[in-house]
Amino acid sequence: MQIFGDSISGNCLKVKWTADLLAIPYEWVEIDIMAGGSRTPDFVAMNPAGQVPAIRLPDGRALAQSNAIMLYLAEGSALIPADRFDRAKMLEWLFWEQYSHEPAVAVARFQVRYLGKGAANLDPKLVEKSKAALDRLQAGIGEGPFILGDALSLADIALVAYTRMAGDGGFDLALYPGLQRWIARVEDALHLSPYA
Ligand SMILES: N[C@@H](CCC(=O)N[C@@H](CS)C(=O)NCC(=O)O)C(=O)O
């Protein structure tokens, strides 16, 4: 299997971390999105959305969308709850991540860290949406230790990706001690060094 990803992208790292944790062998193919690497004719032939991450299976089939790829990789593993309700609850968080968290927290980070926009110049609505997402996540985790309770799941992997990078967008994670403790637990479970 090949994973096409840009190492600066939380969406891509989620996929990498899932494969690493499950000891699934892969070849990482670095795609430089800032240089248009996901918009080349070859890449778009594989993923018409022109975005990373994407994977290509040994039989040639390709799959995109970070959370769909994670679900594919983790099928049958402990990262997906066996219980029907818990599994649906995990999906609830994954859908929320893509609609209410990533489009705010990741976009703010991208604009500040990679487009050089001052955090003070971010669209106030984007800042508000990001803070609401961080508040919601912290409240949802509660005492945890993980989002669904005792067990690490794909919800933690998906949501930690950009939450741990929120400081890049000007958000002070020290204001979210519950998130800081959860980030440390998930980083530990994924064998990651703290994000710098
Ligand atoms: N919903 C998609 C989002 C993918 C996405 O936004 N990819 C960005 C990097 S994080 C990208 O490829 N941007 C380059 C481009 O759009 O040209 C997912 O979860 O995979």
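Anything mentioned here points back to the structure above.
Calculation rules
Residues numbered from 1 in each chain as written. Predicted model: local features only at pLDDT ≥ 70, side-chain atom pairs only at ≥ 80, totals over all residues. Near = placed C-beta within 6 Å. Nonpolar A, V, L, I, M, F, W, Y, C, P; charged D, E, K, R; others polar. Core = buried A, V, L, I, M, F, W, Y, C linked by C-beta atoms within 7 Å. Buried ≥ 20, exposed ≤ 12 C-beta atoms within 10 Å, placed from the backbone. Helix = DSSP H or I, 4+ residues; strand = E, 2+ residues; numbered from the N terminus. Contact = placed C-beta atoms within 7 Å. Pairing = 2+ DSSP bridges.

Student: Give me the lowdown on the site of the ligand, citing residues and values where you can.
Tutor: Neighbouring residues of the ligand: 13 residues in total, closest Ser-9, Asn-11, Ile-33, Gln-51 and Ser-66. Each residue belonging to the shell around the ligand can be placed in one class, and the counts come to three nonpolar, nine polar and one charged.

Student: Kindly report on the nonpolar core, identifying the contributing residues and their values.
Tutor: In globular proteins that are soluble, nonpolar side chains generally tend to be buried together. Counting 47 residues, the largest nonpolar core has Met-70, Val-105, Leu-134, Leu-154, Ala-155, Ala-158 and Leu-159 as its most contacted members. Elements supplying a minimum of two residues to this core: β1 (2-5), α1 (10-21), β3 (54-56), α3 (66-74), α4 (84-114), α5 (124-141), α6 (154-163) and α7 (177-190). Among residues more than four places away in sequence, those in contact with Leu-134 are Ala-166, Phe-171, Tyr-176 and Leu-179.

Student: Just give me the short version of unusual backbone geometry, but keep the residues and values in it.
Tutor: Between Val-52 and the following residue, Pro-53, the backbone shows a cis peptide bond with an omega angle of 5°. The topology assignment puts Pro-53 in the loop between α2 (41-46) and β3. Cis geometry marks the peptide bond from Gly-144 to Pro-145; its omega dihedral reads 10°. For Pro-145, the position within the fold is in the loop between α5 and α6.

Student: Before we move on, can you summarise the pairing of β1 with the specific residues and values?
Tutor: Across four bridges, β1 lies against strand β2 (residues 27-30) in parallel orientation. By the bridge assignment, Gln-2 is partnered in β2 with Glu-27. Bridge count between β1 and β3: three bridges; the pairing is antiparallel. Looking across to β3, one finds that Phe-4 is bridged to Ala-54.

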